[in-house]
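Each chain is listed here by its residues.
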Amino acid sequence: MRHEIPPRSGTAFTLDRGQRLTVIDPQGEQVADLLAFRRDDIDEVISSGRTLDYASRIFLTTGDKLYSNRSNVLLEIVADTVGRHDFLLTPCSADTFRIIYGDTEPHRGCFGNLAHALAPYGIGPDRIPVAFNVFMNVAVDGASGALEVRPPLSRAGDHVTFEAREDLIVGLTACSALQSNNYAFKPIQYEIA
């Protein structure tokens, strides 16, 4: 069954060990922030630092594993039609929009959407780490280290499939940041098998 996350919103759900989560970009150029917490111990969560350290690179795709803060594999990417995602930048937030964009009445962003969706699972805002930003296209200058957010490379129908290696609680959004989504807000879809 296919589910749809409306633009600038998020959801949370459980994923059993061995199940596969497919994140789909139905219209193209839309980012989805993904978090995963171990269901029986929410202090264990995906870790950008551990994952990038073990992969020895910042661009992850099919065959790569998403490690936890305790160096356990929580998810593995088993299919990927895009091959460019971000695991460096934090979920956009009201502060992101205030500081970077100068918004005086900022949207709560992916951070706020994740916090709201994960609250019923006992996961508070301070537990939200850097998300795996599905379809987000961040270029890194090799000399200066400067980051540049570019339009996603995803086209309508592109998808990424993750296999759960533990019983998980997953948070997933349709990203709210203009720059990340080529200045248009669109839905994200997902399927669990």
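Residues numbered from 1 in each chain as written. Predicted model: local features only at pLDDT ≥ 70, side-chain atom pairs only at ≥ 80, totals over all residues. Heavy atoms only, no water.

## With respect to the overall build of the protein
Item 1. Helix and strand content of the protein: three helices and twelve strands.
Item 2. Projected onto the principal axes, the alpha-carbon positions of the protein cover approximately 40 × 40 × 30 Å.
Item 3. Every one of the 193 residues in the protein was classed for burial, and the buried ones make up 48%.
Item 4. Sequence-distant contacts, at least 24 apart, represent 75% of the contacts inside the protein between residues at least 6 apart.
Item 5. When the accessible surface of the protein is summed, it comes to about 8500 Å², and 47% of that surface belongs to carbon and sulfur atoms.
Item 6. A gap of 2 Å separates the mean positions of the 18 positive and 25 negative side-chain charges of the protein. (Helix = DSSP H or I, 4+ residues; strand = E, 2+ residues; numbered from the N terminus. Buried < 20%, exposed > 50% of the residue type's maximum accessible area, 1.4 Å probe, protein only. Contact = heavy atoms within 4.5 Å. Areas by Shrake-Rupley, 256 points an atom, 1.4 Å probe, with all protein chains shown as cover. Lys, Arg positive; Asp, Glu negative; His and termini not counted. Charge placed at Lys NZ, Arg CZ, Asp CG, Glu CD.)

## As for the UniProt feature "domain: DUF1989" (unreviewed entry) in the protein
Item 1. As annotated by UniProt and renumbered to match this structure, "domain: DUF1989" (unreviewed entry) occupies residues 4-169.
Item 2. Helix makes up 14% of residues 4-169 and strand 32%, with an end-to-end C-alpha separation of 18 Å. (UniProt positions renumbered as here; feature names shortened; annotations may be inferred.)

## Structural notes on the pattern of salt bridges
Item 1. Scanning the entire structure with this criterion turns up 14 salt bridges.
Item 2. In this structure, the salt-bridge partner of R39 is D16, at a minimum N-O distance of 2.6 Å. In this pair, R39 is assigned in the loop between β4 (32-38) and α1 (48-55) and D16 in the loop between β2 (9-15) and β3 (20-25), connecting sequence segments 23 residues apart.
Item 3. Residue classification places D16 among the partly exposed residues on the basis of a relative accessible area of 34%.
Item 4. Of the charged contacts, one joins E166 and R38 as a salt bridge, the two residues approaching to 3.7 Å between their closest N and O atoms. Placement of E166 in the loop between β10 (158-164) and β11 (168-174) and of R38 in strand β4 is noted, with a sequence separation of 128 residues between them.
Item 5. Within this structure, R38, D40, D41, E44, R70 and E166 form a network of salt bridges that share partners. (Salt bridge = Lys/Arg side-chain N within 4 Å of Asp/Glu carboxyl O.)

## A word on the nonpolar core
In summary, soluble globular proteins display a tendency toward joint burial of nonpolar side chains.
Item 1. Ranked by size, the top nonpolar core spans 42 residues in total, and within it V23, L34, I46, L75, F132, V134 and F162 carry the most contacts.
Item 2. Other than its neighbours up to four places away in sequence, V23 contacts A32, L34, V134, F135, D158, H159, V160, F162, L172, I188 and Q189.
Item 3. In terms of nonpolar packing, the next biggest core, distinct from the first, is built from nine residues, V31, C92, F97 and V138 among them. (Core = buried A, V, L, I, M, F, W, Y, C linked by side-chain atoms within 4.5 Å.)

## Quick notes on the sheet that holds strand β6 (residues 73-80)
Item 1. The strand order across the open sheet built from six strands is β1-β12-β3-β10-β6-β5, with neighbouring strands paired in antiparallel fashion. Edge positions in the sheet fall to β1 (2-5) and β5 (65-67), since each of these pairs with one other strand and no more. Between one strand axis and the next, the sheet turns through 25 degrees on average, direction left out of account.
Item 2. Of the pairings in the sheet, the one linking β3 to β10 comprises six bridges and is antiparallel in character. Residue pairing across strands places R20 opposite E163, the latter belonging to β10. (Pairing = 2+ DSSP bridges. Axes fitted to C-alpha atoms, helices over the stretch in contact; angles between N-to-C directions.)

## Regarding the packing of aromatic side chains
Item 1. Considering all chains together, one arrives at five aromatic pairs under this definition.
Item 2. Between F97 and Y101, the aromatic rings sit 5.6 Å apart at their centres with planes inclined by 25 degrees, giving stacked as the arrangement.
Item 3. A relative accessible area of 29% places Y101 in the partly exposed class.
Item 4. The structure contains a cluster of three or more aromatic residues connected by ring pairs, namely F87, F132 and F162. (Phe/Tyr/Trp six-rings, centres within 6.5 Å; stacked < 30°, edge-to-face > 60°.)

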